[in-house]
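Here is what each chain is made of, one letter per residue.
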Amino acid sequence: MSIWPEERVHALADDGFETVDMTINVGPQHPATHGVFRMVLTVDGEKVVDCEPYIGYLHRGLEKLTENHDYRQAMGWWDRTDYLAGMACEMAYCMAVEKLGNISVPLRAEYIRVMMVELSRILSHFMFFGAFGADVGSFGTSFIYGWRERERIYDFFEEVAGDRMFPTYFRPGGVQMDLPENYQDRVRWLLGSIRQGLEDFDGLLVGNEIFVERCRGLSPVTPEQAIAWGLTGPCLRATGYKFDLRKDEPYSVYPNLKFDIPTGANGDVFDRFMVRMAEAWQSTLIVEQCLDALSQMEGELVLNPDLPKTLRIDSGECYVRTEGTKGEYGVYALAKGGNKPYRMKLRSPSFCNLSALREMVIGTYVADAIIILGSLDIVLGEVDK
Amino acid sequence: MSKTLAPKPIDQVVKLLEQRFGKLPVAINQTATDANIDCPPEHFRAVVEELKNHRDLAFDFLRNIVGIDMLEEGLACKYQFFSYKNRQAVQVTVLTPPGNPHIPSITDLYPAANWHEREAAEMVGLIFDGHPNLKNLLLDEDVRIHPLLKAHPLQKAEILQGIEDTTPGFTF
């Protein structure tokens, strides 16, 4: 007689050995969940049979707050979504407001924006390399490697906007103020440092056979599956499907810039890592081009001077999508007059990528489930809104 | 598979949709960024199946679902679809009558809809018929409120946590 309920006991056919499904709770306070994410794994021995994610521990009511604030006031809430790359979120929010209000942006501001967004992308990817290395088992070393470059970029952000993580630097119609005087030298030095950091990661992780063997072939995803599950960004490109909103639905000044879209081949965890490595490298090229362009237009306006003190938008509806650091970062906005949006909805890439987690971890080992979760590169501020 | 196609202009998508959906009682117009189909809930499944399966439409990717409280008009639900094959985007708007917020679920057609529908259900109170697991996602499991309804106040925190004698939250 078993001490376990009947439905949970299943005998293995070959040796008659009885196994019991066990339920393991992971999180919400768990270092491998990258924040406050909880998943309940049902395991049969070491294999994952079922996984139920629970989210919402960081839900702050972003959309309700946005509905109740002035268009400019609400800005500050949005860089708290993807807090690893605050400026990428500000970009999407500002683009939505500009689309609704037909607000033009000076060219210099566009280049500044793209430069800051690409630096944010590098920030976010370095966080991923560090945290993912820790997931796989390099403990703190990769974390510190990632942190070195992040600190340097954050120092620059602080100089530009006065804040590190939540810069609130963009405005509908441009950016808050021009870059500091020495920015050309600062950023060029940063780029050298970032490239050195990428090479260090290449040696530390990609040059490590244990790391490569852990990741290669794990949870392969086909492009069809990725599209059906709603995966976007590096997770989609790792499958070999070349789609990047910066190229395929271009916005801002991206059409003027030359860069490649790195893609993987197998859609496994290793490809997701390598796509991000290549993407961070491409971002340094974009930043370099932005610097060249910016040096040609010193002293020009960075904020549309014709805007009223209070933005009022009569009516309109749009769905603006940008290539965020994790995937398609979309903002749906509906205006019905007044100085506040009637409804704003965030389509957060982490949320959609995470919803595919269940399908991806079933059938893998528990230790691999942690890596698969890490390879999605979620940020809980964005998942929970 | 990985060729770069330019996104199709909105007016071309509108024309294409008018050809396909001329017979159904739907209205086709456009927003600032996408073509839009206004569709009553009873024809919603037919429209989505056509959008997904027809060769010229082939909307294989569900981007986003937005639930909106339109006050006396009822609850609206907006779906943003995208076609990787044809590089075109469309929005489908379903307006449910007041007091009857039922919409058929599309989780069987688009697995990505699962969490989006759960979110719209808890936030504004839409009910997606046929959804496998329509419980709260972002909110507490046992909370039965719909915070994104316009009638729901911003200020009142639902869980008072021992500070009942003062007004919780900030005054905006």
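Residues numbered from 1 in each chain as written. Chains lettered and ligands numbered in written order. Predicted model: local features only at pLDDT ≥ 70, side-chain atom pairs only at ≥ 80, totals over all residues. Heavy atoms only, no water.

Peer 1: What is the right way to read the environment of A:Gly233 from this model?
Peer 2: Residues and elements named next belong to chain A. Considering the arrangement of structural elements, one finds glycine 233 in the loop between α8 (223-229) and α9 (234-237). With 28 residues separating them along the chain, glycine 233 and isoleucine 261 place their C-alpha atoms 11 Å apart. Residues in contact with glycine 233, not counting those within four places in the same chain, are Glu323, Lys326, Gly327 and Glu328. (Helix = DSSP H or I, 4+ residues; strand = E, 2+ residues; numbered from the N terminus. Contact = heavy atoms within 4.5 Å.)

Peer 1: Explanation requested: the interface of chain B and chain A in the structure shown.
Peer 2: In many analyses, interface size is given as the accessible surface area lost on bringing the parts together. In this assembly, 48 residues from chain B lie in contact with 47 residues from chain A. Taken together, both faces of the contact between chain B and chain A bury some 4200 Å²; the carbon and sulfur share is 59%. Remark: the boundary between chain B and chain A carries nine salt bridges. For A:Glu328, the salt bridge goes to B:Arg63, with nearest N and O atoms at 2.8 Å. Viewed at the interface, chain A and chain B are joined by 20 residue pairs in polar contact (both at pLDDT 80 or more). (Buried area = accessible area lost by both parts, 1.4 Å probe. Salt bridge = Lys/Arg side-chain N within 4 Å of Asp/Glu carboxyl O. Polar contact = N/O pair within 3.5 Å; in protein donor to acceptor, adjacent residues only side chain to side chain.)

Peer 1: Whenever I open this one, the packing of aromatic side chains confuses me. Can you help?
Peer 2: The way to describe two aromatic rings as a pair is by their centre distance and the angle between their planes. Residue and element names in this part refer to chain A. The full count for this structure, using the stated rule, is 25 aromatic pairs over all chains. Ring geometry for phenylalanine 126 and phenylalanine 201: centres 5.8 Å apart, planes at 50°, overall tilted. Residue phenylalanine 126 is located in helix α4 (residues 107-138), and its partner phenylalanine 201 is located in helix α6 (residues 183-206); the two are separated by 75 residues in the primary sequence. Summarising the burial analysis for this pair, phenylalanine 126 and phenylalanine 201 share the class buried. A cation over a ring is seen here: lysine 385 above phenylalanine 351, with NZ or CZ 4.5 Å from the ring centre. (Phe/Tyr/Trp six-rings, centres within 6.5 Å; stacked < 30°, edge-to-face > 60°. Buried < 20%, exposed > 50% of the residue type's maximum accessible area, 1.4 Å probe, protein only. Lys NZ or Arg CZ within 6 Å of the ring centre and 35° of its normal.)

Peer 1: Sorry if this is basic, but what is going on with the sheet that holds strand β10 (residues 328-335) of chain A here?
Peer 2: Across a sheet, strands are paired by hydrogen bonds formed along the backbone, either parallel or antiparallel in direction. Residues and elements named next belong to chain A. Here we have three strands laid out as an open sheet, ordered β9-β10-β11, and antiparallel in their pairing. Single-partner strands in this sheet number two, and they are β9 (316-323) and β11 (343-347). Ignoring which end each strand starts from, the neighbouring axes of this sheet average 10° apart. Where β10 and β11 come together, five bridges link them in antiparallel fashion. Along β11, the bridge assignment pairs valine 331 with leucine 346. (Pairing = 2+ DSSP bridges. Axes fitted to C-alpha atoms, helices over the stretch in contact; angles between N-to-C directions.)

Peer 1: Even after reading the chapter, I still don't get the sheet that holds strand β2 (residues 35-39) of chain B, so can you show me in this structure?
Peer 2: All names here are of chain B. With mixed pairing, five strands are arranged side by side in an open sheet as β1-β2-β5-β4-β3. Sheet topology places β1 (27-30) and β3 (61-69) at the edges, where each strand pairs with a single neighbour. Put simply, the sheet's adjacent strands are angled 20° from each other on average, direction ignored. Here β1 pairs with β2 via four bridges, running antiparallel. Paired with glutamine 30 across the strands is alanine 35, a residue of β2. Lying on the sheet, helix α1 (residues 10-21) is in contact with β1, β2 and β5 (88-96); it crosses β1 at an angle near 175°.

Peer 1: Honestly, the side chain of A:Glu149 in this entry has me stumped. Any pointers?
Peer 2: Residues and elements named next belong to chain A. Mapped onto the elements, glutamate 149 comes out in helix α5 (residues 140-161). Of the polar contacts made by the side chain of glutamate 149, one reaches the side chain of serine 193; its length is 2.4 Å. When neighbours within four sequence positions are excluded, glutamate 149 is seen to be in contact with Phe126, Ser193, Ile194 and Gly197.

So yeah, pure geometry; function would need other evidence.
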